[in-house]
Amino acid sequence: MRLTLADKVLIGGLIVVAIIGIGWHVTLNSRFRGQTAEIYKDGRLIDSLVLRSNYRQVVRVGTETDYDIIESDNGRVRVVEADCPDQLCVRMGWINSAPAEIVCMPNRVVVKVVSKERSDIDEIAR
Amino acid sequence: MNIRRMIILGLFVAIAGVLHAVECWVPLPLPIPGVKLGLANIVALAVIELYGWRDALVISILRVFLGTLLAGVIFGPAFIMSFAGAVASTLAMAVGCKYLRSKLFSLVGISVIGALVHNIAQLSIAAVLVVSSGVFWFLPYLVLFSVPTGVVTGVGVTYFFRKLPQNIIL
């Protein structure tokens, strides 16, 4: 069992690239505090929640059987309950800053935190 | 195709399908969509080495059907993601085995490439399904995760070949 030089370069390179990517993601996250959370289903914006301290809001999206219950509280947002089999969206927990997002694959729901900068650009574009 | 070969390939499909299903049952403590150990890639890589890429591709496709059927997620999003990942990673490992194996990489390196391509393919399908390119923010985490899983799979294949009796295959 021996690794070749190319193996080691590949493994090392991937770890470095991954750490740079994660670092970039984390820095972006810490810079843009979220102001709203947008909820998309099948790629369409269907609802948005306000992220503000001491403010709580709960919405339920989806149908009778395929649903996600999404809660915003104190500037953070999470999926409280979903009827998907894997429950990944629930286990992802709270997110509070852009560009973090929660994905529920089985129901094709995306919860995306949007910061002020981002929504300003959107308003100009409109 | 002689009968002995057919039986052995069938056996590989069964092993890979069960590995795939068992993997679906084991929850990993990481809340990232699509993260899995990729144990079924052991079979894919072993078959590429033993019988070539055509048989490996057929086995990978059949094992996705069998594995997702056993795990109860057949024809859902998980099925589409597994299917794309299995096909892409099998082809990538086949190319790797043919052109890079002897000169550059050992089986471990090929297996890491397979794990990486598997994750990228799955994530691309996920991005299409939820119509959101933001899913690609998970990519660095998946790349980081694909290194240890790829190494484990590669070591598994290496030990498989070490223990494999010489007269059993053909």
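What you see is a predicted model, and the numbers here were worked out from it, not measured in a lab.

Criteria and cut-off values
Residues numbered from 1 in each chain as written. Chains lettered and ligands numbered in written order. Predicted model: local features only at pLDDT ≥ 70, side-chain atom pairs only at ≥ 80, totals over all residues. Heavy atoms only, no water. Axes fitted to C-alpha atoms, helices over the stretch in contact; angles between N-to-C directions. Helix = DSSP H or I, 4+ residues; strand = E, 2+ residues; numbered from the N terminus. Parallel < 35°, antiparallel > 145°, perpendicular 65-115°, else oblique. Contact = heavy atoms within 4.5 Å. Nonpolar A, V, L, I, M, F, W, Y, C, P; charged D, E, K, R; others polar. Buried area = accessible area lost by both parts, 1.4 Å probe. Salt bridge = Lys/Arg side-chain N within 4 Å of Asp/Glu carboxyl O. Polar contact = N/O pair within 3.5 Å; in protein donor to acceptor, adjacent residues only side chain to side chain. pLDDT = per-residue confidence, 0-100. Core = buried A, V, L, I, M, F, W, Y, C linked by side-chain atoms within 4.5 Å. Buried < 20%, exposed > 50% of the residue type's maximum accessible area, 1.4 Å probe, protein only. Phe/Tyr/Trp six-rings, centres within 6.5 Å; stacked < 30°, edge-to-face > 60°.

Undergrad: Any chance you could explain the packing of helix 1 (residues 3-25) of chain B against helix 2 (residues 40-51) of chain B here in plain terms?
TA: Between two packed helices, the angle of one axis relative to the other and the distance separating the axes together describe the packing. Residue and element names in this part refer to chain B. Running from N to C, helix 1 and helix 2 cross one another at 160 degrees; their axes reach a closest spacing of 8 Å. Relative to helix 2, the element helix 1 is oriented roughly antiparallel. From helix 1, Arg5, Ile8, Leu9, Phe12, Ile15, Ala16, Leu19, His20 and Glu23 reach across to helix 2, where they touch Ala40, Val43, Val47, Leu50 and Tyr51. Its residues placed into classes, the contact of helix 1 with helix 2 shows 11 nonpolar, 1 polar and 2 charged.

Undergrad: Looking at this structure, how should I read the interface of chain A and chain B?
TA: Quite often, the size of an interface is put as the accessible area lost when its parts meet. Listed as interface residues are 31 residues of chain A and, on the opposing side, 35 residues of chain B. Between chain A and chain B, a total of about 2,900 Å² is buried, with carbon and sulfur atoms accounting for 78% of that surface. At the boundary of chain A and chain B, one finds 0 salt bridges. Where chain A packs against chain B, one counts 4 residue pairs in polar contact (both at pLDDT 80 or more). Only helix 1 (5-31), helix 2 (88-91), strand 6 (101-104) and strand 7 (109-115) of chain A provide two or more residues apiece to the side of chain A that touches chain B. Here the side of chain A that touches chain B takes 14 residues from helix 1 of chain A, the largest share from any one element. Grouping the constituent residues of the side of chain A that touches chain B by class yields 20 nonpolar, 4 polar and 7 charged.

Undergrad: Would you take a moment to explain the confidence of the model for chain A for this structure?
TA: The predicted coordinates ought not to be read in detail in places where the model reports low pLDDT. In this model, chain A carries a mean pLDDT of 81, and residues with pLDDT of at least 70 account for 89%. Within chain A, no element has a lower average pLDDT than helix 3 (residues 116-125) of chain A, which sits at 50, and none a higher one than strand 4 (residues 67-73) of chain A, at 88.

Undergrad: Hey, could you run me through the nonpolar core in this one?
TA: Within soluble globular proteins, side chains that are nonpolar generally end up buried alongside one another. Among the nonpolar cores identified, the biggest contains 33 residues, and Ile39(A), Ile70(A), Val77(A), Val111(A) and Val135(B) are the most heavily contacted of them. Of the residues forming this core, the biggest block, 5 residues, is contributed by helix 5 (residues 107-130) of chain B. Not counting the four nearest positions on each side in its chain, Ile39(A) is found in contact with Arg44(A), Leu45(A), Ile46(A), Asp47(A), Leu49(A), Val59(A), Val61(A), Ile70(A), Val109(A), Val110(A) and Val111(A). With 32 residues, the next largest nonpolar core counts Leu9(B), Met93(B), Val112(B) and Val157(B) among its residues.

Undergrad: How do you make sense of the packing of aromatic side chains when you look at a structure like this?
TA: In this description, an aromatic ring pair is defined by two values, namely the gap between the centres and the angle between the planes. All names here are of chain B. This model, assessed by the stated rule, comprises 6 aromatic pairs over all chains. A ring pair is formed by Phe79 and Phe83, whose centres lie 6.0 Å apart and whose planes are at 35 degrees; its orientation type is tilted. You can see Phe79 and its partner Phe83 sitting in helix 4 (residues 77-100), 4 residues apart, about one turn around the helix. Given the relative accessible area of 9%, Phe79 is considered buried. Using a relative accessible area of 29% as the deciding quantity, one classes Phe83 as partly exposed. Ring-pair connections join several aromatic residues into one group, and the members of that group are Phe12, Phe160 and Phe161.

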